[in-house]
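Fold and geometry: a report
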Amino acid sequence: VQLQASGGGLIQAGGSLRLSCADSGHTLSTHPTGWFRQAPGKEREFVAAITSGTRRTAYADSVKGRFTVSRDNAKNTVYLQMNSLKPEDTAVYYCAVVSRYSNTYYIKESDYDYWGQGTQVTVSS
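**Quick word on the overall build of the protein**
The number of helices and strands found in the protein is 1 helix and 11 strands. In the protein, the order of α-helices and β-strands from amino to carboxyl end is β-β-β-α-β-β-β-β-β-β-β-β. The C-alpha atoms of the protein give a radius of gyration of 13 Å, which matches the 14 Å a tight globule of 125 residues would have. Principal axes of the C-alpha set define a box for the protein whose edges measure 40 × 25 × 25 Å.

Laid out in structure tokens, this is it:
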């Protein structure tokens, strides 16, 4: 499994970005997927997750109402739409996938088996 996260960049507060997580195989389309982020000097934290089939979602309280996770199984891609960005959203964003088949979502880092390389998001004030 090789996950490729992209879409990060430098943006002003209040702006929007859409991150993509692509998989060269078909794992993303059939397994739960999540987004995490790590800010400088901080531990990696959960951002959002989505199930495979029913596409139920979960969000960290800090991003609820601003971020939306979605998937396009035909493209083997999971997205993270980030709106109303704040300077505190600045971090390296990672996508990850759970290797086992499951119809639930996961919010713990330890539940995930494969990780992308991360994409930097910088929000200026």
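Structure shown, so let's carry the discussion forward.
**What to know about the state of the cysteines**
Cysteine pairs can be linked by a disulfide, which is a covalent bond between their two sulfur atoms. With the rule as written, the count across this model stands at 1 disulfide. Two residues, Cys21 and Cys95, share a disulfide whose sulfurs are 2.1 Å apart. Across the disulfide from Cys21 to Cys95, rotation about the S-S bond amounts to roughly 70 degrees, and the bridge is consequently right-handed. A residue pair is termed long-range when its members are at least 10 positions apart, and Cys21 in strand S3 (residues 17-23) and Cys95 in strand S9 (residues 91-97) qualify at 74 residues. Residue Cys21 is classed as buried on the basis of its relative accessible area of 0%. For Cys95, a relative accessible area of 0% translates into the label buried.

**Let's talk about the pattern of salt bridges**
Two side chains of opposite charge can pair, provided their charged atoms sit close to one another. On inspection of all chains with the given rule, the structure shows 6 salt bridges. We note a salt bridge from Glu109 to Arg44, for which the minimum N-O separation is 2.8 Å. With a gap of 65 residues between them, Glu109 in the loop between S9 and strand S10 (114-115) and Arg44 in the loop between strand S4 (33-38) and strand S5 (45-50) connect regions that are remote in the sequence. What you see here is one network of salt bridges that share partners, running through Arg37, Glu45, Arg66 and Asp89.

What counts and what doesn't
- Residues numbered from 1 in each chain as written.
- Predicted model: local features only at pLDDT ≥ 70, side-chain atom pairs only at ≥ 80, totals over all residues.
- Heavy atoms only, no water.
- Helix = DSSP H or I, 4+ residues; strand = E, 2+ residues; numbered from the N terminus.
- Rg over C-alpha atoms; globule rule 2.2 N^0.38 Å.
- Disulfide = S-S within 2.5 Å.
- Buried < 20%, exposed > 50% of the residue type's maximum accessible area, 1.4 Å probe, protein only.
- Salt bridge = Lys/Arg side-chain N within 4 Å of Asp/Glu carboxyl O.

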